[in-house]
Amino acid sequence: MENILSVLIFFPAVAGLLGFVVDKNSARVYGISVAVVEFLLSLWLWMSFDGTNAGMQFVEIIPLVPDFGISYYVGVDGISLFIVVMAALMTMLGMISMNIEKDIKNMVISLLFLEMTMIGVFVALDAIVFYLFWELSLVPMLYIIGAWGGPLRIYASVKFFLYTFSGSLIMLVGMLFMAYLYQSISGVWSFSITDWYALVLPMNYQIWLFLAFFIGFAVKVPMFPFHTWLPYAHGQAPTIGSVILAAVLLKMGTYGFVRFSLPMFPDASTQMIMPIAVLSIIMIIYTAMVAYAQKDIKQVIAYSSVSHMGVIMLGIFAMNAEGIGGSIFLMLSHGIVSGALFMLVGVIYDRRHTKLMSEFGGLASVMPKYALIFGIMLMASVGLPLTIGFVGEFLVLLGFYKVSVIGTILAGTSVIVGAIYMLSLYKKSFFGPVTNEENSKLADLDAKELVALVPLVVIVIWLGVYPKPVLGPIDNSVKALLGFMHEKAQTTEVKEIITLSKNIKEAK
Amino acid sequence: MLEPISVSLASLNLVTLAPMLVAVAGGLILLIIDLIKGDLHKSLYVMLTILILFVDFGSVMGLNVNERGFFDVMLIDGIAIISQLLILAASMLFIPLALTSKRFHEYSYPEFFALFLFMIAGFQFMVASDNLILIFVGIETASLSLYTLIALHNRYNSYEAAVKYFTMGALAAGFYAMGSAVIYALTGSVELYQIAEVLQSRISESSVMLAVLGGSVLLLGAFAFKLSLFPFHTWTPDVYEGASAPLAGYMSIVPKVAALVVAMRIFGLYIDLGVEWVRIAILVLSVLTMTLANMMALVQDDVKRMLAYSSISHVGFVMAAIALDTTKGNTGVFLYYALYMFTNLGAFAMLWISRHKNRVFHKRFDHPYEKFSGLIKIMPMGAVVMALFMLSLAGVPPFSVFWGKIYIMSAAVDAGYVWLAVVMGLNSAIAAYYYLKLVVYMFLKEPEGNDDTIYYNTSKPLMSMIGIAVVATVGSVFFMQPLISYIFYMVSASGY
């Protein structure tokens, strides 16, 4: 099936449209069935994916507006493949664990449309199609946060929308300028990313274009000065909203850097290593410290999520195979781990309707299974060896070590601070005597929650012990990307920085 | 003794006049029908008007590009044809909105429809000529009919709106007449192509420049009034509020298209002559217009006033494309309006079907935000459709207005005005806030004790018009290619 990507994109959308007809008492089952089929389709994509081929596969091109160079152009490579699978997986598990009664049908339909936009962003190879899915993803998320969120939900959802929308409009101007440059050199209009790759631009253009794209992506990541929308969005969003937001939507930003900024502007990216590294390190340390100061479990995880996104940024701008490959792996592991943690917070919130650490204590004796899974996920988040979190974080730090030793040491403190806030969270909520009467009769995880969480535990340990099936294709595509950047770079200094290390460390 | 002038009928090329004649004759036929038999139902007049517009549309389609006629005062070039097609299409979308389930008395007068057709003839004259006097006649014919149409609505503030529009329009007419007089004094002609020739030969004379500036200031003022550019926009929200919702939607499209075409002809001429000052002035005006109108739209309590300010801001956006004076920019103007037309008329039609005879929800406004709160619970489809229109107006892809926006932004980038594209982008972000405000009210708030009477004024014709608007808004990506290539061909064929 050569057109599997189109099926993957439009299957949830069609399902969402048909969902309007489904009766609201059956909507949940409908949503889960669709999400399972979608996940199986994504597995099929993985199975038929040729891991040794570093280029784009399953490419489809249909011209939409030829006069203006816009076409429906999709394809997948090792970088995007696993993010697509992860997006389908997290949507499915999120939907299974979902515990919402109110307007369930609207929620299912929104989630299905959201799934379309998420898959679309990661497989689009035409800038306008990419932008289209990118912007469209805001709408269902706005509704999910705004309709099912906490008390400040409207403020949080509008803030989320406006921040991302403003940033991406600047990115749109960058895209239009890029298309104009392409047109003035080649004579035809094209928004195709692979066409744009071929352009070798003078430095001043590269810098400005890099900045335009940077604003769009940085808001989404969210990079340090633009991150203020995220704690609100997470704090107010319902569990499913936080899961999708942390697991998939944030990855759009970092994916954008890998897909657009690096190959299109290799020289500007190399020049920007230091400013971005500084921002990332500030982001890593500052948000880790803020996370420690939180009283709300969900906010701790939200801030730790920002901190980990900083590590991912650092890896991308290490400009070597370990760093970028590690970042992409970390995107996956962070998606799985933070998604699972938000689900776990949702579990306790459904039972107690509070997320404050001070309300809990001694949960380990009341809910042993819950405590065990929470513990595993927490360790994976901190980056304990033999969990999924370790592989990516180690590779990123290893990669960045070649760029700056001090930077690596500073970034490495994130692991320590991370361990501090996560373990203190665990201690306050799970250990010690049961201090609050209400907690003594809490039910442990039920079947539905176990079905959603156990697969994630399995993945966390499987890929922690043996990451090769995933790292292999990623590594191939990353090396191809670096080789391309190396060739395209205009000065020898830049070429030196963009190093191709042949011996990537695997399977720690 | 004067020589008798013999004019052969063939040299008049009367076919260039045919579209306007169809509209005028149609209006007269409607009046005669009323004379012969009174108290006919409005549905008859609506359908007859659509048929007349259909014939009109056909006669425009039949015109050849770049013809002159009627002593060369008529100029049928590409932009004249596209703009007439746009005007007629918007009119055909508008007029069925008269068929509401509740009776609003202006639509039971046949004069309404006759005036409407005369107004269209006026707009057609405006766009299909490069003679300053005929343009003036077109503007006045159209405007006088429009003032009356506004005043026919059943609110006391409709009279206020009409009078306000009339006084402002008179001022603009004065500006226009004086500006044309200055040009005539300079060049001895009222034909734009001759004016261009004479000015071209005299542009280096130092004394001419001052007069050119004076004339262009007056003309710019006149068109700023007509297009509601800052600081001449103050009449717009009040007039829209006083007019009925569909007429307000109509006013945000058709008169603007006509005025933009004339602006394109006149100011394009100045910019081609190298009067850089005019370009700067237009850019400054349009940037101020879109920014300030967006700011003001943020604080409105009434959806209709919000949409009025939003339409001002859209005009500012499009006006900037005229300052670029490139084929792509001018193509963008028509493309933008061809797409905006469906979305904006759809949005105003949604207000129209929720219109009550009396103000139920607010003592001053017909359409306060509160009226729409929790609409998703009461009328899910209605809320989804309105949200689609709002997202489209905000420029969220893949809905229609997005394509117009990127085309104009891309034209700005091509012409070297990257800062302008950035300003446009930031303005779209500001605008997103007030469009979202309505979406938030509809989707995220609880109903405020309203019952199911929100869609009070609905009827099948209205629903089908909204259906057409929705299809055009959502499916725009599929007809972008033919639309762009047709408009681009027409614009470049007429040399703009």
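This text goes with the structure placed above it.
Since this is a predicted model, take the numbers as computed values, not measurements.

Novice: Quick one: what's the story with the overall build of chain A, residue by residue and with numbers?
Specialist: The helix and strand inventory of chain A stands at 22 helices and two strands. In terms of overall size, chain A behaves like a compact globule, its C-alpha atoms giving a radius of gyration of 22 Å where 508 residues would be expected to give roughly 23 Å. Relative to its 508 residues, chain A shows a buried fraction of 61%. By sequence separation, contacts in chain A at least 24 residues apart represent 80% of the contacts at least 6 residues apart.

Novice: Describe the environment of Phe-125 of chain B, listing the residues and the values that go with them.
Specialist: Residues and elements named next belong to chain B. Examined against the element boundaries, Phe-125 turns out to sit in helix α5 (residues 110–127). Distance from Phe-125 to Pro-398, taken between C-alpha atoms, is 35 Å for residues 273 residues apart in sequence. Residue contacts for Phe-125: discarding those within four places in its chain leaves Met-20, Leu-134, Val-137, Gly-138 and Thr-141.

Novice: Give me the pairing of strand β1 (residues 57–65) of chain A: which residues, what numbers.
Specialist: Residue and element names in this part refer to chain A. When β1 meets strand β2 (residues 70–76), the two strands line up antiparallel, connected through six bridges. Residue pairing for β2: Pro-63 is matched across the bridge by Ser-71. Counting the residues between successive antiparallel strands, the hairpin from β1 to β2 contains four residues, one of them, Gly-69, with a positive phi of roughly 75°.

Novice: An account of the nonpolar core is needed here, citing residue identities and associated values.
Specialist: If you look at the biggest cluster of nonpolar residues, it comprises 405 residues, and the most contacted ones within it are Val-84, Leu-176 and Met-377 of chain A together with Ala-349 and Met-442 of chain B. Broken down by element, this core gets its largest block of residues, 19 residues, from helix α7 (residues 153–186) of chain A.

Novice: Report on the interface of chain A and chain B, specifying residues and quantitative values.
Specialist: Facing the 27 residues of chain A at the interface are 28 residues of chain B. Ranked by residue count, the leading element in the side of chain A that touches chain B is α7 of chain A, at 14 residues. For the side of chain A that touches chain B, the class distribution of residues is 23 nonpolar, two polar and two charged.

Novice: Lay out helix α15 (residues 327–353) of chain B in plain terms, naming residues and giving numbers.
Specialist: Residues and elements named next belong to chain B. For α15, with 27 residues, the first-to-last C-alpha span of 39 Å sits near the 39 Å given by 1.5 Å per residue. Of all the bends found along α15, the most pronounced is centred on Tyr-340 and spans about 35°. α15 sits mainly inside the fold: 26 of its 27 residues count as buried.

Novice: Pulling in residues and values, what's your account of the packing of helix α2 (residues 18–36) of chain B against α5 of chain B?
Specialist: Residues and elements named next belong to chain B. The geometry of α2 relative to α5 is characterised by a closest axis approach of 8 Å and an angle of 170° between their N-to-C directions. One finds that α2 runs roughly antiparallel with respect to α5. Across the interface between the two elements, Pro-19, Met-20, Ala-23, Val-24, Gly-26, Gly-27, Leu-30, Leu-31 and Asp-34 of α2 pack against Pro-110, Phe-113, Ala-114, Leu-117, Phe-118, Ile-120, Ala-121, Gln-124 and Phe-125 of α5. Residue composition of the contact of α2 with α5, grouped by class: 14 nonpolar, three polar and one charged.

Reading the values: rules and limits
Residues numbered from 1 in each chain as written. Chains lettered and ligands numbered in written order. Predicted model: local features only at pLDDT ≥ 70, side-chain atom pairs only at ≥ 80, totals over all residues. Helix = DSSP H or I, 4+ residues; strand = E, 2+ residues; numbered from the N terminus. Rg over C-alpha atoms; globule rule 2.2 N^0.38 Å. Buried ≥ 20, exposed ≤ 12 C-beta atoms within 10 Å, placed from the backbone. Contact = placed C-beta atoms within 7 Å. Pairing = 2+ DSSP bridges. Core = buried A, V, L, I, M, F, W, Y, C linked by C-beta atoms within 7 Å. Nonpolar A, V, L, I, M, F, W, Y, C, P; charged D, E, K, R; others polar. Expected span 1.5 Å × (residues − 1). Bend = angle between axes of the 7 residues up to and from the residue. Axes fitted to C-alpha atoms, helices over the stretch in contact; angles between N-to-C directions. Parallel < 35°, antiparallel > 145°, perpendicular 65-115°, else oblique.

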